[in-house]
Amino acid sequence: MTLKNKVQLITYPDSLGHNLLELHFVLRKYLSKAIGGVHILPFYPSSADRGFAPLTYDEVDPAFGNWDDVEYIGRDFDLIVDFMVNHISRQSVFFQDYMERGQESPYADMFLSFAKLSPDGELPEDQLAKVYTRKPRPPYTLIERPDGSREKVWCTFDYEQIDLDYASPVTREVMRKFLIRLARSRPKMIRLDAFAYTTIELGTNCFFREPAVWELLEWFGGFTAPFAVEILPEVHEHYSYQLKLAEHDYWTYDFALPMLMLHTLYHHTNQELLEWLRICPRRQITT
């Protein structure tokens, strides 16, 4: 079920029409000869970041349609869907139950409370400063429970996107079920968004920590492979990460090509572009 080597359109579920039904119509009527596939950005119920703070993967946001709409598109085009492996919504049933019940919650172990990482529930500022984040703020959020107690919880991105602890069997069971649900909708590929932020190791930048990332990727792929669905690890960082992924025989998501094209046009030299084309992974989706 390998992707066709053709243009893959990337779109939000409501960018070309108001929903998935209208998106399918536009794809068939206007783009069927121009593209080979479509990457639909998150269409799940979400509390922030235009879909990237998912509450669940069991449902399609009713504003966009239902699973039939997704699967119909997948019948006509190579389909890529997203799985935000690093985090889940603050408004999800999992985190809301943890907010309400604390350690009594069956989902408590899904999250990285500072109390898990340090006996006194605090971490040194110099350790936190090492953590790689996309925004200039500490990698945690301070939550307050109904009883007035407070707690710091690991949170790399937005405060609506609470990080998951993959050392926890509870996290793995929840995400295993979600991943199988997505694979059963028969996309050709599932993009693992922000997966490099899943490896929390105090005293480091907590980004793409080896060998932990390879164990996780193998674990994710183990639940998609029976459905002939491939995984696409997304790393928006230095190209050396793409080369590492390629060495382990994973598809890669390339962000370098557009910038190198602009560099070529602006500086009137193709040397950097040619060098990238010489060394870049061959199994890649390019932007």
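Residues numbered from 1 in each chain as written. Predicted model: local features only at pLDDT ≥ 70, side-chain atom pairs only at ≥ 80, totals over all residues. Heavy atoms only, no water.

## A word on the environment of Tyr266
- Turning to its location among the elements, Tyr266 is positioned in helix α9 (residues 256-267).
- Exposure remark for Tyr266: the relative accessible area of 66% places this residue in the exposed category.
- The spacing of Tyr266 and Ile35 is 231 residues in sequence and 28 Å in space, taken between C-alpha atoms. (Helix = DSSP H or I, 4+ residues; strand = E, 2+ residues; numbered from the N terminus. Buried < 20%, exposed > 50% of the residue type's maximum accessible area, 1.4 Å probe, protein only.)

## Digging into the environment of Gly17
- Tracing the sequence through the fold places Gly17 in the loop between β1 (8-11) and α1 (20-31).
- In this structure the C-alpha to C-alpha distance between Gly17 and Leu243, which are 226 residues apart in sequence, comes to 37 Å.

## Some thoughts on the pairing of strand β8 (residues 189-193)
- Of all 5 residues in β8, 5 are buried, a share of seventy percent or more.
- The side-chain alternation of β8 yields two buried faces, one formed by Met189, Arg191 and Asp193 and the other by Ile190 and Leu192.
- The sheet contact formed by strand β3 (residues 78-84) and β8 spans 5 bridges and is parallel. Paired with Phe83 across the bridge in β8 is Leu192.
- As defined by bridge partners, β8 adjoins strand β9 (residues 230-233) across 4 bridges and the pair is classed as parallel. The residue bridging Ile190 from the neighbouring strand is Ile231, located in β9.
- Following the backbone out of β8, through helix α7 (residues 212-224) and into the adjacent parallel β9, one traces a crossover that is right-handed. (Pairing = 2+ DSSP bridges. Right-handed = clockwise from strand over helix to strand, strands pointing away.)

## What about the pattern of salt bridges?
- Going through the model one piece at a time under the given rule, you end up with 19 salt bridges.
- Between Arg50 and Asp14 there is a salt bridge, with its nearest N and O atoms 3.0 Å apart. Of this pair, Arg50 sits in the loop between β2 (37-40) and α2 (67-76) while Asp14 is found in the loop between β1 and α1, placing the two residues 36 residues apart along the sequence.
- Linking Glu144 and Arg150 is a salt bridge whose minimum nitrogen-to-oxygen distance equals 3.5 Å. (Salt bridge = Lys/Arg side-chain N within 4 Å of Asp/Glu carboxyl O.)

## So, the sheet that holds β1
- Reading across the sheet, the 5 strands line up as β1-β2-β3-β8-β9 and stay open at both edges, with parallel pairing between neighbours. Each having just a single partner strand, β1 and β9 make up the two edges of the open sheet. Strand-to-strand twist across the sheet, computed as the mean angle between neighbouring axes with direction ignored, equals 25 degrees.
- Across the sheet, helix α6 (residues 169-184) lies against β3 and β8, angled at about 165 degrees from β3, the strand it touches most. (Axes fitted to C-alpha atoms, helices over the stretch in contact; angles between N-to-C directions. Contact = heavy atoms within 4.5 Å.)

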